[in-house]
Structure formats: C-alpha cells, structure tokens
Amino acid sequence: MNTQALPSIDTDPFGHEALEDPAELHAALRDAGPVAYLSRYDVFALARYEEVHAALTGWQDFQSAAGVGLSNFRHEKPWRPPSLLLEADPPRHDAPRAVLSKVVGPRALRRLRESWLAAAEELVDRVVAEPEFDALPRLAEAFPLRIFPDAVGLGPDGRENLLPYGEFLFNSFGPPNDLVEKGRPDAGRLAAWVNEQCARDRLAPDGFGAQIWAAADRGDITHEQAPLVVRSLLSAGVDTTVHGLGAVLYAFATHPDQWERLRAEPGLARVAFDEAVRWQSPVQTFFRTALGDHEIGGTTIPDGRKILMFLGAANRDPRRWDDPDAFDLSRDPSGHVGFGMGLHQCVGQHVARLEAEALLTALARRVERIEIAGTPRRHHNNTLRAWESLPVRVALA
Ligand code: OVV
C-alpha cells in the first residue's frame, strides 16, 4: 500500500479531547494534505472541503452499503438491520429515498407550518417567563419533542426513549469506545421499543408514519421496507434537530450583533440556521467505503477501505470559506456539507429548517437580548457535536 507516503495523524478523533474541541485536529488534518492517514483506526481521512464534497457526491466510487460508521459491513455484522436509506446505495436506496423525501418534503410541511409556529410561540412564552434557563433541555430538546413525534404519529408512551436511542445510534458510527460501552446495556431495549413503533397499527392515521405505509400500499416500496423507513425517521429525526437548534441558540447567545440583525430581519431565520449548521456541524463525521480502488489527491484508496469525512472541518476550510470561524448572517452558507451532499443529503432538512424557523421567529419576537449565563457544557458523542447544558439569560422586548 502507499500509506507510508501519506501524512499520518495519531490523534484519536473520537477521544474526549478532540470531541470537546476538534478545531486543532481539524486544522492539522486539512493542513496535512488532501488525504491523511489515521493510524489509530487504520482509515483514511478527508478534512478539506473539496475532497469531502467529492467523496459525498461520488457514490459510485465510495459506497454507503458497507456502513457509514467505522464498522465495515463487508466483514462485521451490523448491530441493527442496515438502514434502507443511510446504509444503502443505488439502486436499492432510491425507492425508499423517493418515498421519504415526499413524506417530509416542502409540500407536506406546508400543512404543518401553522401548528408548528403556534407550538413554538406557546413554548417560548412559557420558557422566557423566567429570565434565566437552560436553553438545551428547555428549548433545543423540548421543541422537537413537542412537535416531531406527533407529526410522525407516535403513540404517547415511551417517547423518552427517542433521544437515548439516537444517542446510542450516533455513538455506534464511531469506534467501540467508552461512549458506546456506556450505552450498550440499554441499546437492545431502546431498539426494541423503536422497532415496535414502526408497525402500522402503532402509528396514527394522518402522520408521516402512516404515509410511509400508504406508499407501500401503492407499491412504491414493499410492506417489508415500510417499517425500516419509519425507523429512519425515528433514528435521524430527533437528536440531529436538537443539536442543530442547540448550535443556533449557542451562536446567537454568543453573537449579540447577529441577534440584533435577526430581530430587525426575522426573514433571516433560515439562513441563520444553515449558517449555524455550517459553523457547528452538529453531525461531524460519516464514513464511506471504497468500492474498487480510487484515487483522491494522489493517494489510492484501495477497495474495501474506509474513508472518514470530517464535515465540520470542511465547513470551516479556509480554502472554501472567508473567515470560516465567524458566525455571520451576511454570508451565504449554502454549499455547506453539514447536511451532507449528493444523493444521501439529509432527507429531513426541510423539517429541521421549519423547526428552526418556528423557534427563532418566536424567540426574536419576544427576546431583545440573549446571553450566556453560565458555563456551557459539551455533550460528547462519537458523531454529534452537542451541548449538555446551555445556560442563558434573556431580556424581553
Ligand atoms: C442520517 C441518519 C442518521 C441515523 C440514522 C439514519 C439516518 C437512518 O436512516 O436510520
């Protein structure tokens, strides 16, 4: 192999130091070259925008069906049946993707818009009645949990399992480290609960879940596929939006000038959310697996080998972005890879943007100033860049 010629980095990207603050590792990886070698896991790393973008869009060369975590499904049995969307390639990927993208697409969301805006107003009214609160549980977690399980059509019981399931799932894309081991005792119970909720008779007749089953009746997917497509919603639809909202709340609490700008121009809420997704990259990393030998930046990635794509590093690559570390509503953040890129690009991104728009609009209407009121604490996860606690103080308008 040609790994000797490659710059080798020994840092553990899934170690607590890097999870607490990955900036130094990201810069080292980008500066090392278009490809680096991660000795700790024997995988190739991409951290520059150009190469991450190319790998994300190059599905014919870099497959998802061998898993998008460190574990290689060619050799290891996955801990759960693979996702029909995330862990599949064309052509098998395409029918489930087409169904889900319609179920959670812009047209479908138009019917939910008014009620989500109203739910945000109600939640924000209640929470900002106190001048100081922890924005992570009280807003970033509370809002998605208030509207998303209802939109899917979940029953009332066991919803407290959604966040811990996602937490374990996103840890499981990394190495089997302490974070994974800590979650393992509960993983079977959580997965069993999630799988039960995907059955047709568990889902309300008018939600996203029922619409997935209706697509099976039409023959767009099979009845065997339907529950796994519902599972994708429950897997990817909660923790991601919680930490996307956490990112934008943190951004505004630390950038008073940008908050003023949003208040003057609430139409910027969606741009603000995408800029926060670029700036924090709530989903930090995913892997691909070389399907055949393929060259990246002069390095051949041999068939069957894993590449680790650092979305967060690409989203701050100075080769692509001016002043990449600045959270700035003046910039055009489109083209960021925080939602991925290409045919696997986040199917739920319109859901996430609507949630953010609803929450930010409700906040901007009431809150003149928002600032950090205590030390924010990171939550370490092998895939997610997350907050455990985000204490804020608000002054009402
Ligand atoms: C993007 C994503 C994350 C986690 C799970 C899934 C997708 C899924 O399809 O199950």
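Predicted, not measured: the structure shown is a model, and the values here were computed from it.

1. Thoughts on the pattern of salt bridges
For the structure on display, the rule yields 24 salt bridges. Between aspartate 31 and arginine 319 there is a salt bridge, with its nearest N and O atoms 3.5 Å apart. Here aspartate 31, found in helix 2 (residues 23-32), pairs with arginine 319, found in the loop between helix 14 (311-314) and helix 15 (349-366); they are 288 residues apart in sequence, far enough to count as distant. With a shortest N-O distance of 3.2 Å, arginine 74 and aspartate 303 are connected by a salt bridge. With arginine 74 in the loop between strand 4 (62-63) and helix 4 (94-103) and aspartate 303 in the loop between strand 8 (299-301) and strand 9 (306-310), the pair connects residues that are 229 residues apart, well separated along the chain. Within the structure, one salt-bridge network assembled from shared partners comprises Glu121, Asp125, Arg365 and Arg366.

2. Comments concerning unusual backbone geometry
Put simply, proline 90 and proline 91 share a cis peptide bond, and its omega is 5°. Mapped onto the elements of the fold, proline 91 is located in the loop between strand 4 and helix 4. Located in the positive-phi region is aspartate 42, a residue other than glycine, with phi close to 60°. Topologically, aspartate 42 is positioned in the loop between strand 2 (36-38) and strand 3 (43-46). Despite not being glycine, aspartate 323 has its phi angle at roughly 45°, a positive value. As for its position among the elements, aspartate 323 is in the loop between helix 14 and helix 15.

3. Some words on the packing of aromatic side chains
On inspection of all chains with the given rule, the structure shows 15 aromatic pairs. Where tyrosine 37 meets phenylalanine 44, the ring centres are 6.2 Å apart and the plane angle is 70°; that geometry is what we call edge-to-face. Assessed through its relative accessible area of 14%, tyrosine 37 is described here as buried. By relative accessible area, phenylalanine 44 is classed as buried at 0%. A centroid spacing of 4.5 Å and a plane angle of 45° characterise the contact between tyrosine 250 and tryptophan 387, whose relative ring orientation is tilted. Remark: tryptophan 387 occurs in strand 12 (residues 385-389) and tyrosine 250 occurs in helix 11 (residues 239-253); sequence separation between them is 137 residues. On the basis of relative accessibility, which here comes to 18%, the residue tyrosine 250 falls in the buried class. Judged by its relative accessible area of 7%, tryptophan 387 falls in the buried class. Cluster of aromatic residues (ring-pair linked, three or more members): Tyr250, Phe252, Trp259, Trp279, Phe327 and Trp387.

4. What about the site of the ligand?
Inspection of the region around the ligand gives Arg80, Ser83, Leu86, Leu169, Phe170, Ser232, Ser235 and Ala236 as its neighbouring residues. Serine 83 places a polar side-chain atom, nitrogen or oxygen, 2.7 Å from an oxygen atom of the ligand. About the coverage of the ligand: the protein hides 85% of its 290 Å² of free accessible area. Elements supplying a minimum of two residues to the shell around the ligand: helix 7 (162-172) and helix 10 (226-236). Of all the elements, helix 10 adds the most residues to the shell around the ligand, at three residues. Counted by class, the shell around the ligand contains four nonpolar, three polar and one charged residues.

5. Regarding helix 13 (residues 269-280)
Between its first and last C-alpha atoms helix 13 spans 16 Å; for 12 residues at 1.5 Å apiece the expected length is 16 Å, and the two agree. Across the 12 residues that make up helix 13, a large majority, 10, are buried. Burial in helix 13 covers these residues: Ala269, Ala272, Phe273, Asp274, Glu275, Ala276, Val277, Arg278, Trp279 and Gln280. In this fold, the buried residues of helix 13 make contact with helix 11, helix 12 (256-264), helix 15, strand 11 (377-380) and strand 12.

Here is what the cut-offs are and how they apply
Residues numbered from 1 in each chain as written. Predicted model: local features only at pLDDT ≥ 70, side-chain atom pairs only at ≥ 80, totals over all residues. Heavy atoms only, no water. Salt bridge = Lys/Arg side-chain N within 4 Å of Asp/Glu carboxyl O. Helix = DSSP H or I, 4+ residues; strand = E, 2+ residues; numbered from the N terminus. Phe/Tyr/Trp six-rings, centres within 6.5 Å; stacked < 30°, edge-to-face > 60°. Buried < 20%, exposed > 50% of the residue type's maximum accessible area, 1.4 Å probe, protein only. Near = heavy atom within 4 Å. Polar contact = N/O pair within 3.5 Å; in protein donor to acceptor, adjacent residues only side chain to side chain. Areas by Shrake-Rupley, 256 points an atom, 1.4 Å probe, with all protein chains shown as cover. Nonpolar A, V, L, I, M, F, W, Y, C, P; charged D, E, K, R; others polar. Expected span 1.5 Å × (residues − 1). Contact = heavy atoms within 4.5 Å.

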